[in-house]
Amino acid sequence: MGTLENPVLRLVDRARRRSAWLYHFNAGACNGCDIELVACLTPRYDVEQLGIRLEGSPRHADILCVTGPVTRSTREALTIIHAQIPDPKVVVAIGSCPATCNVFAGSPMIAGPVDQVIPVDVYIAGCPPRPHSIIQGIAQAIEILVARKETGR
Amino acid sequence: MNPLRALLALIVFPGLLYALPMGWLMLGSERRIVARLQGRIGPPLSQAFYDFVKLLAKWPVARTRQDALLFTILPLLALGSSLGALALLPVLAPTGSPPGDLVLFVGLMEMAPLCAILAGFASRSIYGEVGATREAFLGISSNVPFLAALLALAYASNSLDLARIVRLAPWAVRAPALLAILCCLPVKLRINPFSVANAEQEILAGPLTEFSGPRLALWELAHAMEWVTLCGLVAVLLVPLHRLSQPVGALAFILASFALVPLLATLAAATARLKLAQATRFLWRWAALASAIAFATAMASRFWRA
C-alpha cells in the first residue's frame, strides 16, 4: 500500500466501523432472541447511534445475525442467504440455540448448530441474551468486519 | 444560458459540489430528527456519507454480464438525471435560462422513479416486482397533481421557462400549487406515510432488494439528489430569489431547502405507513383538489388580465 492510498483505506475502515447493517435470520428460534434483538433498536438501547441498521434484504447487509437452531427446512435457506451477503461479511450467532441447539438438541427436526452450516465469527451466550450482551457481540463483530481484508470470491 | 454557465450550474452550484454534501446532510438530519422525536439519540449527521463510503467499498455479488450492465446503468441514469434537474433550477441565473426548460426539468425529474421501477422489474425478485408495481401506482397518482400544479404555474405566467415562472406566477396561483407540490413531496421522497414502495421489512427493500455494494451506493446517492432537487424546487417557488443579490439569494435558497427537512422528518416520525389504496386516495382527493384550485385561479388571473 502506497502513502497515497492510506487515507482512503483509513476512511473505508472508519466507514465500516460506523455503518454496520444487520440482516436477521430466524433459523428456527422460539422468538425469544428475536425480541431481544429488536429491543436493541428501541429508545432504551438505540443502536442506530452507532450507525447500525436492521436491513430487509441480505444483499444490503454486512452482519448476518442468526437466532435459533438450524432446522432441516431452514438449512438450505441459511446457506443461500449467507451466500447472498456481499463480502466482507461477519456472522453472529445470537443465543444458546445456534451454538449448541440448547433444549432442541437430539430432535429429529434439527439439522444441528449453525457452525455446521456456515462459519460463525461471534457467539453471544444466553437464553435469551440481554440486549447489552447482543450490543457487545455486535460491537465485537464490527471489529472483525473492519479487520477482515479478504477480497470477494 | 451559455455552455460554460450551464456546466458551472451542473458541477458547482446548485449542482454536484453543493448537492453532494447537502444531500448527505439532508438524509443524515432526517434520520437524526426522526430519532430525536422517537426519544432516541440517533445517528450522527454524517451517517449517510459513511453509509455511502462503506457500500462503495463492498464487493458486489457476482452477476451475469447483462444484469451487471443494467444494474449499473439504471442507478447512474437516475443519479445523472436528478442532478440535471437540479442544475436547471433558476437559483443564480434568474434570467438566462434556456427557453422551455420546464419541460426538460419535468422529464429529468421523472427519470429517477422510472429507473427505480425498471430496476425492480429487472431484478426479477418477487419483492422487487411488488415494490416496482407500488412505485408505478404511486408515481401516476402523485404526478397528476404535481404536473397539474406546475402547468397551472406555467399557464398563469404564460411561459414554459422556469425562471419566468418563478418571477411572474401570482401568489393566488402559487399558494395552492405549492400546497399540491408539498403533498406530493413525501410521496416522491418515499418517506413515512407514503413509504409504500420501499416498505422496509414488509417487502424487504422494494425495488432495490437485489442491489448490493457500489450499485446500492449509487441508488442512495440518487435518492439524496432527489431530496436536494425537490426541496430546491419548493425553495425556488417559495422565496423570491430574483429580488435578492446573488450570494444572498444562494444562501436563502440553501436555508429554505434545508428548512423543509425538519417538516418532512416530523411527518415521517408522526405517521405510520399507509396502504397503497389509502395513499392513492389521499393524492387523488386532496393533492388533486389543491392543484385544481391552482388551475382555476390561473385561468381566472389570465381572464382578468386579458
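As a reminder, the structure under discussion sits directly above these lines.
Residues numbered from 1 in each chain as written. Chains lettered and ligands numbered in written order. Predicted model: local features only at pLDDT ≥ 70, side-chain atom pairs only at ≥ 80, totals over all residues. Heavy atoms only, no water.

## Re the overall build of chain B
As a reminder of what qualifies: Runs of H or I in DSSP of at least four residues are treated as helices and runs of E of at least two as strands, each being numbered from the N terminus. We compute the radius of gyration over the C-alpha atoms and compare it with the globule rule, which gives 2.2 Å times the number of residues raised to the power 0.38. Two residues qualify as a contact provided that any one of their heavy atoms is within 4.5 Å of a heavy atom in the partner residue. Here, Shrake-Rupley sampling with a 1.4 Å probe gives the accessible areas, and only protein chains in the shown set may cover a residue. As used throughout, the charge tally considers Lys and Arg to be positive and Asp and Glu to be negative, leaving His and the chain termini uncounted. To locate a charge, take atom NZ for lysine, CZ for arginine, CG for aspartate or CD for glutamate.
When helices and strands are counted, chain B shows 11 helices and 0 strands. Along chain B, helices (α) and strands (β) appear in the sequence α-α-α-α-α-α-α-α-α-α-α when read from the amino end. By the compact-globule yardstick of 19 Å for 306 residues, chain B fits well, its C-alpha radius of gyration being 19 Å. A separation of at least 24 residues holds for 80% of the contacts in chain B among residues at least 6 apart in sequence. As displayed, chain B offers around 13000 Å² of accessible surface, 72% of which is attributable to carbon and sulfur atoms. In chain B, 24 side chains carry a positive charge and 13 a negative one; their mean positions are 7 Å apart.

## Some words on the packing of aromatic side chains
Let me state the cut-off plainly: Any two of the Phe, Tyr and Trp rings considered here, Trp counted by its six-membered ring, make a pair once their centres fall within 6.5 Å; the pair's planes then place it as stacked at under 30 degrees, edge-to-face at over 60, or tilted in between. We call a residue buried when its accessible area falls under 20% of the maximum for its residue type, exposed when it is over 50%, and partly exposed in between, using a 1.4 Å probe and counting protein chains only. Charges are assigned to positions over rings by a cutoff of 6 Å between ring centre and Lys NZ or Arg CZ, combined with an angular limit of 35 degrees from the ring normal.
By the definition in use, this model includes 10 aromatic pairs over all chains. Geometrically, the ring pair formed by Phe49 of chain B and Tyr50 of chain B is tilted, given 5.6 Å between the ring centres and 55° between the ring planes. Given the relative accessible area of 27%, Phe49 of chain B is considered partly exposed. When the ring of Phe303 of chain B is compared with that of Trp304 of chain B, the centres are 5.6 Å apart and the planes differ by 70°; the resulting orientation is edge-to-face. The two residues Phe303 of chain B and Trp304 of chain B agree in class, both being exposed. Among the aromatic residues, ring-to-ring pairing joins Trp24, Phe49, Tyr50 and Phe52 of chain B into one connected group. Here the basic side chain of Lys54 of chain B rests over the ring of Trp21 of chain A, its NZ or CZ set 3.9 Å away from the ring centre. When the ring centre of Tyr155 of chain B is taken as origin, the NZ or CZ atom of Arg302 of chain B, which lies over that ring, is 4.3 Å away.

## Topic: unusual backbone geometry
Residue and element names in this part refer to chain A. The peptide bond linking Asp87 to Pro88 adopts the cis configuration, its omega dihedral lying at -10°. As for its placement among the helices and strands, Pro88 is situated in the loop between α3 (75-84) and β5 (90-94). Between Cys127 and Pro128 the backbone carries a cis peptide bond, its omega angle lying at -10°. Position of Pro128 relative to the elements: it lies in the loop between β7 (122-124) and α5 (131-147). The residue Asn102 is not glycine, and still its phi comes out positive at about 50°.

## Things to note about the environment of Ser212 of chain B
The residue Ser212 of chain B is located in the loop between α8 (171-188) and α9 (213-238) in this model. Sequence separation between Ser212 of chain B and Leu55 of chain B is 157 residues, and the spatial gap between their C-alpha atoms is 7.7 Å. Apart from the residues lying within four places of it in its own chain, the contact partners of Ser212 of chain B are Arg59 and Pro86 of chain A together with Pro60 and Val61 of chain B.

## What to know about the nonpolar core
This is how the line gets drawn: In plain words, nonpolar cores are sets of buried Ala, Val, Leu, Ile, Met, Phe, Trp, Tyr and Cys residues tied together by side-chain atoms within 4.5 Å.
Leu89, Phe105, Leu153, Trp219, Trp227 and Phe253 of chain B are the most contacted members of the largest nonpolar core, which totals 91 residues. Tallying contributions element by element places α9 of chain B first for this core, with 17 residues. Counting residues in hydrophobic clusters, the runner-up holds 20 residues, among them Leu37, Val47, Cys65 and Ile124 of chain A.

## Comments concerning helix α1 (residues 6-18) of chain A
So the rule is basically this: One fewer than the residue count of a helix, multiplied by 1.5 Å, yields its expected span. Within this analysis, the arc is defined by the directions that extend from the helix axis to the C-beta atoms.
End to end, α1 of chain A covers 18 Å across 13 residues, agreeing with the expected 18 Å (1.5 Å per residue, within 8%). All buried positions along α1 of chain A are accounted for by Val12, Ala15 and Arg16 of chain A. End-on view of α1 of chain A: buried residues confined to an arc of 100°, all on one side of the axis. Among the structural elements, α5 of chain A together with α3 (47-56) of chain B are those in contact with the buried residues of α1 of chain A.

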